[in-house]
Amino acid sequence: MTTQRIITIAGIILCSGAAILLAGLLFSVLHTSGFWLLPGFGLLGIVVFLQSFPLFPLSVIIVLAIALAFLLRRFAAFRRHALPCISFALLTLILLSGFFFSLTSVLNKWQPPPPPKDDHLAESFLRGYGAWRFHNVFQGTITDVGEHSYVMRSPNDRRVSVELMPGMRLPAGPQIGSGDTVLIIGEIRGEIIRAFGIRKL
């Protein structure tokens, strides 16, 4: 076997592994954050879903699938016009593999790291990833229940007040109490979240 063929095989293995790992992390993040539940909030939830979808990791997965198709073309010498179909098939296979990988014990308990500080060099690079904070979406544990508000502890141990806005959507019903982990759509101002929708996770 030639050196060039060995390098091609190594590239195929590395691209496949990196793409499946990233896809697994993406599905794990979407699951643990409750992101899939957003459309249940109605039109507002669909808008937030589209605004917040982490396009950066998906873009990287697509690039890796295309790179993998080029490497396979060098290895198997298939025709150039078949590249789009093979790239799409590889992307589908990577996403399916990543989904099943996210269900394994390796990833199903994985939690995203805390967000970087504002002065962190990688902050602008990581902002679009969506692993720790989606646009206008908040997650936490209810610690106190009032008549028109809650007190919530966020995953980074920050305590915030949740104001229940008129017409607030409760897709899973109003039975929310102390100790419940919740997903909230709303706006945050200082230590107060104005909630337009809330549901238990």
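In the block above lies the structure referred to throughout.
Below is a summary of the structure that appears in this document. Positions within a chain are numbered from 1, following the residues in the order the chain's sequence is written. In keeping with the model being predicted, local features are shown solely for residues with a pLDDT of at least 70 and side-chain atom pairs are shown and tallied solely at 80 or more, while totals for entire chains, interfaces and linings include all residues. Calculated side-chain values reflect all of the structure's heavy atoms, with hydrogen atoms and water omitted.

## Re the side chain of Asp-180
Part 1 of the argument: By the criteria applied, helices consist of DSSP H or I runs no shorter than four residues and strands consist of E runs no shorter than two, each listed in order from the N terminus. Within the secondary structure, Asp-180 is located in the loop between strand E3 (159-169) and strand E4 (181-189).
Part 2 of the argument: An unpaired buried charge is present at Asp-180: no salt bridge exists, and Lys-200, the closest side chain of opposite charge, is 4.2 Å distant.
Part 3 of the argument: A distance of 2.7 Å separates the side chain of Asp-180 from the backbone nitrogen of Gly-177, its partner in a polar contact.
Part 4 of the argument: Should any heavy atoms of two residues lie within 4.5 Å, those residues are considered in contact. Ignoring anything within four residues of it in the chain, the contact list for Asp-180 reads Gly-140, Thr-141, Ile-142, Gln-175 and Lys-200. Buried residues are those whose accessible area, probed at 1.4 Å on protein chains only, stays under 20% of the maximum for their type, while exposed residues exceed 50% and partly exposed ones sit between those limits. Charge assignment: positive for Lys and Arg, negative for Asp and Glu; neither His nor the chain ends contribute. The term salt bridge refers to a pairing of a side-chain nitrogen on Lys or Arg with a carboxyl oxygen on Asp or Glu at a separation within 4 Å. In the analysis that follows, any N or O atom pair within 3.5 Å is treated as a polar contact, provided that within protein one partner can donate a hydrogen and the other can accept it, and provided that, for residues neighboring in sequence, both atoms belong to side chains.

## Quick look at the pattern of salt bridges
Part 1 of the argument: Per the stated rule, a full pass over the model turns up two salt bridges.
Part 2 of the argument: Across the salt bridge formed by Arg-189 and Glu-187, the nearest N and O atoms sit 3.8 Å from each other.
Part 3 of the argument: Judged by its relative accessible area of 56%, Arg-189 is exposed.
Part 4 of the argument: Judged by relative accessible area, Glu-187 falls into the partly exposed class, the value being 30%.
Part 5 of the argument: Salt bridges sharing common partners tie together Glu-187, Arg-189 and Arg-194.

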